Amino acid sequence: MSMVSQLPPYSGVMTLHAATTPKNGAVYTRRWVAETILDLVGYTVDAPLEEWRIVEPAAGDGSFLVPMLDRLIARARNRNISLRSLVDAVCAWDIDPGNAATCRQIVVDALLKAGADQDVSSLIAGTWIQCGDYLLAEPEPADVVVGNPPYIRWDDLGDQRAALYRATCRTIRGRGDIYLGFWEKALESLRPGGRAGFICADRWMRNSYGADLRAMVGNGFDVEAVWTMHDVDAFHEKVMAYPAITVIGRATGRAPVVVSTTSEFGEAESRQAARFTLGSAESGSGEGWRGHRLDHWYTGRGLWPSAAPDTLALLDSLADLPTLEESGCRIGIGLASGCDARFVVDDVPEVELDRLLPMTMGSDLNGTLHWGGHYLVNPWGPDGRLVDLDAYPLLRKWLDVPEVRNRFVSRKQPQNWFRTIDKVIPGLTSREKLLIADMRPRLSPYLETGEAYPHHNVYWITSDRWDLEVLGGLLLSDIASAFVEAYCVRMAGGTLRLQAQYLRTIRVPLSDTISGGDANALRESFRSRDREKASRVAHDLYGVS
Ligand SMILES: C[S@@+](CC[C@H](N)C(=O)[O-])C[C@H]1O[C@@H](n2cnc3c(N)ncnc32)[C@H](O)[C@@H]1O
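Numbers given to residues run from 1 along each chain, matching the order in which its sequence is written. Totals for whole chains, interfaces and linings use every residue, but because this is a predicted model, local features are given only for residues with pLDDT of at least 70 and side-chain atom pairs only at 80 or more, for both listing and counting. Water and hydrogen atoms play no part in the side-chain values, which are based on all heavy atoms of the structure.

### Considering the side chain of Arg 206
Consideration 1: Counting from the N terminus, the helices are the DSSP runs of H or I reaching at least four residues and the strands are the DSSP runs of E reaching at least two. As for its position among the elements, Arg 206 is in the loop between β5 (190-201) and α7 (211-217).
Consideration 2: Residues are treated as being in contact if the distance between any of their heavy atoms lies within 4.5 Å. If sequence neighbours within four positions are ignored, Arg 206 has contacts with Arg 214, Leu 303, Trp 304, Pro 305, Ser 306, Ala 486, Tyr 487, Cys 488, Val 489, Gln 501 and Tyr 502.

### Overview of helix α17 (residues 516-527)
The periodicity of an α-helix, 3.6 residues per turn, causes residues three or four places apart in sequence to face the same way.
Consideration 1: With 12 residues, α17 extends 16 Å from end C-alpha to end C-alpha; this agrees with the ideal 16 Å at 1.5 Å per step.
Consideration 2: Turning to α17, the residues buried within the fold contact β17 (433-437), β18 (445-448), α14 (468-476) and α18 (531-542).
Consideration 3: Downstream of α17 by one or two residues, Arg 529 has phi in the positive range, about 50 degrees. Here a helix's expected span is defined as the number of its residues, less one, multiplied by 1.5 Å.

### Regarding α18
Consideration 1: Taking 1.5 Å per residue, 12 residues should reach 16 Å; α18 reaches 16 Å between its end C-alpha atoms and fits that length.
Consideration 2: Buried within α18 we find Arg 531, Ala 534, Ser 535, Val 537, Ala 538, Leu 541 and Tyr 542. Here the buried residues of α18 occupy an arc of 170 degrees about the axis, which is enough to place them on one side. Of the exposed residues in α18, the ones pointing more than 90 degrees away from its buried face are Glu 532, Arg 536 and Asp 540. Here the term buried applies to any residue with accessible area under 20% of the maximum for its type, exposed to any over 50%, and partly exposed to those in between, with areas from a 1.4 Å probe on protein chains only. By arc we mean the arc of the directions from the helix axis to the C-beta atoms, nothing more.

### With respect to the environment of Tyr 502
Consideration 1: By secondary structure assignment, the location of Tyr 502 is in helix α16 (residues 500-503).
Consideration 2: By relative accessible area, which is 0% here, Tyr 502 ends up buried.
Consideration 3: The sequence separation of Tyr 502 and Glu 138 amounts to 364 residues, and the corresponding C-alpha distance is 37 Å.
Consideration 4: Non-local contacts of Tyr 502, meaning those with residues more than four positions away in its chain, are made with Arg 206, Asn 207, Leu 303, Val 484, Tyr 487, Cys 488, Val 489 and Arg 497.
Consideration 5: There is a polar contact of 3.0 Å between the side chain of Tyr 502 and the side chain of Gln 501. Residues adjacent in sequence count toward polar contacts only when both atoms are side-chain atoms; beyond that, a polar contact is any pair of N or O atoms within 3.5 Å, and within protein one must be able to donate a hydrogen and the other to accept it.

### Describing the pairing of strand β16 (residues 374-377)
Consideration 1: Sheet topology places strand β12 (residues 344-345) next to β16; 2 bridges connect them, and they run antiparallel. Bridge assignment links Val 344 to a residue of β16, and that residue is Leu 376.
Consideration 2: In short, DSSP must find at least two bridges between two strands for them to pair. Sheet analysis places strand β13 (residues 356-360) next to β16, joined by 4 bridges and oriented antiparallel. For Pro 358, the partnering residue across the bridge sits in β16 and is Tyr 375.

### With respect to the nonpolar core
Consideration 1: Ranked by internal contacts, the top residues of the largest apolar core, which has 58 residues, are Leu 65 and Trp 227.
Consideration 2: With residues near it in sequence (within four places) discarded, Trp 227 still touches Thr 36, Leu 40, Pro 243, Ala 244, Ile 245, Val 259, Phe 265, Ser 270, Ala 273, Ala 274 and Thr 277.
Consideration 3: By nonpolar core is meant a set of buried Ala, Val, Leu, Ile, Met, Phe, Trp, Tyr and Cys residues that side-chain atoms within 4.5 Å join together. Trp 154, Ile 172, Met 205 and Ala 244 belong to the second largest nonpolar core, which has 46 residues in total.

### Quick word on the sheet that holds strand β7 (residues 243-250)
Consideration 1: Taken together, the 10 strands give an open sheet; going across it, the order is β3-β2-β1-β4-β5-β7-β6-β8-β10-β9, and neighbouring strands pair in mixed fashion. Here the strands that pair on one side only, and so sit at the sheet edges, are β3 (129-131) and β9 (283-286). Averaged over all neighbouring strand pairs, the angle between strand axes comes to 15 degrees, with direction disregarded.
Consideration 2: The pairing of β9 with strand β10 (residues 289-293) spans 4 bridges and is classified as antiparallel. Its bridge partner lying in β10, Gly 284 is registered against Gly 291.
Consideration 3: Along the sheet, helix α2 (residues 65-78) makes contact with β1 (54-56), β2 (90-94), β3 and β4 (142-147), crossing β2 at roughly 170 degrees.
Consideration 4: A fitted line through C-alpha atoms serves as each axis, taken over the contacting stretch for helices, and the angle formed by two N-to-C directions is quoted from 0 to 180°. Contacts from helix α4 (residues 118-128) reach β2 and β3, with the element oriented near 50 degrees to β3.

### Details of the sheet that holds β16
Consideration 1: Strand order in this open sheet of 4 strands is β12-β16-β13-β19, and the pairing throughout is mixed. Strand pairing shows two members of the sheet lacking a second neighbour, β12 and β19 (453-454), which therefore form its edges.

### Re the packing of aromatic side chains
Given two aromatic rings, their pairing is described by the distance between the two centres and the angle made by the two planes.
Consideration 1: Centre distance within 6.5 Å is the pairing criterion for rings of Phe, Tyr and Trp, where only the six-membered ring of Trp is used; planes under 30 degrees apart are then read as stacked, over 60 as edge-to-face, and the remainder as tilted. This model, assessed by the stated rule, comprises 13 aromatic pairs.
Consideration 2: A centroid spacing of 5.0 Å and a plane angle of 65 degrees characterise the contact between Trp 204 and Trp 304, whose relative ring orientation is edge-to-face. Within this pair, whereas Trp 204 is found in the loop between β5 and α7, its partner Trp 304 is found in the loop between β10 and α9 (309-317), the two being separated by 100 residues in sequence.
Consideration 3: Residues Trp 297 and Tyr 298 carry aromatic rings whose centres are separated by 5.4 Å and whose planes lie at 65 degrees to one another, so their mutual orientation is edge-to-face. Each member of the pair Trp 297 and Tyr 298 is classed as buried.
Consideration 4: Of the aromatic side chains, those joined through ring pairs into one cluster are Trp 183, Phe 198, Trp 204, Trp 297, Tyr 298 and Trp 304.
Consideration 5: Cation over ring: Arg 203 sits above Tyr 242, and NZ or CZ is 3.6 Å from the ring centre.
Consideration 6: Only when the NZ atom of a Lys or the CZ atom of an Arg is both within 6 Å of the ring centre and within 35 degrees of the ring normal do we say a charge sits over the ring. Positioned above the aromatic ring of Trp 417, the side-chain terminus of Arg 405 is 3.9 Å from the ring centre.

### Remarks on the environment of Gly 253
Consideration 1: Its place among the elements puts Gly 253 in the loop between β7 and β8 (257-261).
Consideration 2: What makes Gly 253 exposed here is its relative accessible area of 65%.
Consideration 3: As a C-alpha pair, Gly 253 and Phe 221 span 32 residues in sequence and 8.4 Å in three-dimensional space.

### With respect to the pattern of salt bridges
Consideration 1: One side-chain nitrogen of Lys or Arg within 4 Å of one carboxyl oxygen of Asp or Glu is enough to make a salt bridge. Under the criterion given, the structure shown has 25 salt bridges.
Consideration 2: Across the salt bridge formed by Asp 39 and Arg 71, the nearest N and O atoms sit 2.8 Å from each other. On the criterion of sequence distance, the pair formed by Asp 39 in helix α1 (residues 31-40) and Arg 71 in helix α2 is long-range, its members being 32 residues apart.
Consideration 3: Residue Arg 71 is classed as buried on the basis of its relative accessible area of 11%.
Consideration 4: Of the charged contacts in the structure, one is a salt bridge between Asp 143 and Arg 191, with a shortest N-O distance of 2.7 Å. One end of the pair, Asp 143, is in strand β4; the other, Arg 191, is in strand β5, with 48 residues separating them in the sequence.

### Description of the packing of α2 against helix α3 (residues 97-113)
Consideration 1: Their axes nearest at 11 Å, the elements α2 and α3 cross at an angle of 25 degrees. As summarised for this structure, α2 and α3 are arranged roughly parallel, according to the angle between their axes. Judged by the twist between their axes, the crossing of α2 over α3 is right-handed. Across the interface between the two elements, Leu 65, Val 66, Leu 69 and Ile 73 from α2 touch Cys 103, Ile 106, Val 107, Ala 110 and Leu 111 from α3.
Consideration 2: We call Asp, Glu, Lys and Arg charged. Ala, Val, Leu, Ile, Met, Phe, Trp, Tyr, Cys and Pro are nonpolar, and the rest, Gly among them, are polar. A class-by-class count of the residues in the contact of α2 with α3 yields 9 nonpolar, no polar and no charged. Note that the term roughly parallel is reserved for angles under 35 degrees, roughly antiparallel for angles over 145, roughly perpendicular for angles of 65 to 115, and oblique for everything else. Each helix crossing is assigned a hand: it is left-handed if the near helix lies turned anticlockwise from the far helix by less than a right angle, otherwise right-handed if that turn is clockwise.

The structure is reproduced here in structure tokens:
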């Protein structure tokens, strides 16, 4: 028995995180989006479709398959090509038997309508439509791969399947989503000059779990188009998946085009944007979209920035400056407890007073830093080790409740059941630090003078080399924002994920190259939160006009 057949049943229809559909609901692509992707990958009637092999790795109810067949059959009709000869021209997969049956019927109906007889139609449908797991199948060479791969939460996969995918797909790291594997298999299967075009979450471009896939793309592939479609009505269900249309070719040598869209973007606009993408103009725009042609894409495992070309050029020109960490900063995240209801309190419980550590919450950082009166019920001693509960009976009593005991971290380390997920870093409380709250529309640093410990979702920066108010001024500037905004993941509504990995992309001049006058001006702009002044000084310092 093969490993695959021993897997527990799995419907495979868990897809994009749907906001309004049940967890297992498949989310299907609108016809115009599928047509657009087919245009972008060059699957059009004037191309030698009869000589190509097009693959749809996750066909669902045929959103891509139907327009694929329309184009292929039209091509065959125009050129008097026999339908029977197209037996290798298409391959569509779905793991769900119901979907595979639907797709076979779509093929049979299309071929019968085009004049094929029942036998040929059934034979071709049986050859073209595969019911199975695309990620575990032997990849067959393809000229074009298109689709909307499933976006399945790692936890929904089951241990065995997760292990199998990790073993088969080298780009699926940690708890990364399986759409990475669809990219990997699709790209691997491409013949030279071939193209893969997916509508798919774009998180992998700016997340650590996408590093191996980015490195793979940088090695022999060309990113041809990235259309960010976060607010576009691209699916039959409402989804929260940050989708982008992305086209990647194998050694196609085409210059990359980035297109940003708004919720106004629809079928008519997509035709304009496709004309621009396939043309040669440097930039283009229309209602609900703006596009730019770049002169290069990024190689290696680093995050892929996303910004207008002049901003990308600016960031490139600053690439030799040190990163924040290289300039002498430490960057970290505040403490996650695993049970804030018990560990993070604003109503002081009856515990030994030296177990209460003032804590800065994200909500304290709002225009100014104003401590909201929260404390960590702190199980950690000044030496970085857990305290002895025999010496702290009130602490034991407060924490010894099922919500604390049942946390994953407690079950994993029963002898340390009262620990918080993260340790309290010795000495961090009493240090001056810049604090930055995650999930804000802008990068906003605040100075905390060494009295409280940061909560999770608050990032901290400490430094022995920087005057933190001067650095704070630099971080208020539009140049620091340009770094973060180009690299960070943007949530629906424009909120930025201001995580440490994105703060680490910021490049700064070395602190000892900043004159006394500029340092004063930055300090003042930080104190008065004057972003314009901070930006003016920063432009001088960075040598940017
Ligand atoms: C997001 S839907 C996309 C369907 C269609 N391509 C579209 O865009 O409307 C993903 C499809 O992938 C299928 N699927 C899930 N895991 C799969 C796997 N490992 N191999 C092949 N198909 C899979 C699901 O059954 C579902 O039909």
